[in-house]
Amino acid sequence: MLGIKEIEAIIPHRHPFLLVDCIEEVEPGVRAVGYKAVTFHEPFFAGHFPQEPVMPGVLIVEALAQTGAVAILSVEENKGKVAYFGAINSAKFKRKVVPGDKLKLECEIIKQKGPVGIGKATASVDGKVAVSAELTFMIG
């Protein structure tokens, strides 16, 4: 189990943009599983939407990318580097994520050639898929 300090030692993101609270499983270069406890106090809920708080889909995708970055940047030769977005493909938004949800974040690296790779990512709440996407990254 990786907590905030261990995650911050791997990826460069910091509060309030670090969107992963813990990593439950990591296989360096292969996959990672993490969680985000979505609270009412998230800064984005002030404007999205005041009468019906919903976590923005792009931030869920970002949380998935950060989870995948933990997997890919845990590989010895990638330590200290940054994983940048190259593309977001086949993104599907299937349910709202709201305060009180525990968002499970899973990313499996399905292809990599040199500094470019693709991760298959899924975010779910209580076993129900909220977002799925294919994320392309570039290590720099």
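Residues numbered from 1 in each chain as written. Predicted model: local features only at pLDDT ≥ 70, side-chain atom pairs only at ≥ 80, totals over all residues. Heavy atoms only, no water.

1. Looking at the UniProt feature "active site" (unreviewed entry) in the chain
Alright, step 1. The sites that UniProt annotates as "active site" (unreviewed entry) are H48.
Alright, step 2. Taking relative accessible area as the criterion, H48 reaches 24% and is therefore assigned partly exposed.
Alright, step 3. Those residues in contact with H48 that sit more than four places away from it in its chain are P53, V54, M55 and P56. (UniProt positions renumbered as here; feature names shortened; annotations may be inferred. Buried < 20%, exposed > 50% of the residue type's maximum accessible area, 1.4 Å probe, protein only. Contact = heavy atoms within 4.5 Å.)

2. Thoughts on unusual backbone geometry
Alright, step 1. With an omega of 5°, the peptide bond between H15 and P16 qualifies as cis.
Alright, step 2. Within the element layout of this structure, P16 appears in the loop between α1 (4–8) and β1 (22–27).
Alright, step 3. Residue H48 is joined to F49 through a cis peptide bond whose omega torsion reads -10°.
Alright, step 4. Along the chain, F49 turns up in the loop between β2 (31–37) and α2 (57–73).
Alright, step 5. In the Ramachandran plot, S90 falls in the positive-phi region, its phi being about 55° despite a non-glycine side chain.
Alright, step 6. By the element assignment, S90 lies in strand β3 (residues 83–93).
Alright, step 7. With phi around 50°, D126 is a residue other than glycine that occupies positive phi space. (Helix = DSSP H or I, 4+ residues; strand = E, 2+ residues; numbered from the N terminus.)

3. Topic: the nonpolar core
Alright, step 1. Among the nonpolar cores identified, the biggest contains 35 residues, and I7, I11, M55, V97 and L103 are the most heavily contacted of them.
Alright, step 2. Elements supplying a minimum of two residues to this core: α2, β4 (102–113), β5 (116–125) and β6 (128–139).
Alright, step 3. At nine residues, the largest contribution of residues to this core is made by α2.
Alright, step 4. If near-sequence neighbours (up to four positions away) are discounted, V97 is found in contact with V38, P53, V54, M55, I60, L103, V125 and A130. (Core = buried A, V, L, I, M, F, W, Y, C linked by side-chain atoms within 4.5 Å.)

4. Brief notes about the state of the cysteines
Alright, step 1. Within this structure, the stated rule accounts for zero disulfides.
Alright, step 2. Counting only cysteine sulfurs, C107 is the nearest neighbor of C22, a cysteine outside any disulfide, at a range of 16 Å. (Disulfide = S-S within 2.5 Å.)

5. What to know about the sheet that holds β2
Alright, step 1. Spatially, β1-β2-β4-β5-β6-β3 is the arrangement adopted by the six strands of the open sheet, whose pairing is antiparallel. With partners counted over all chains shown, the strands left at the sheet margins are β1 and β3, one partner each. Sheet twist, expressed as the mean angle between neighbouring strand axes with direction ignored, is 20°.
Alright, step 2. The pairing of β2 with β4 spans seven bridges and is antiparallel. Within β4, the residue paired with K36 across the bridge is L103.
Alright, step 3. In the packing of α2 onto the sheet, contacts are made with β1, β2, β3, β4, β5 and β6, and the angle to β4 comes to roughly 55°. (Pairing = 2+ DSSP bridges. Axes fitted to C-alpha atoms, helices over the stretch in contact; angles between N-to-C directions.)

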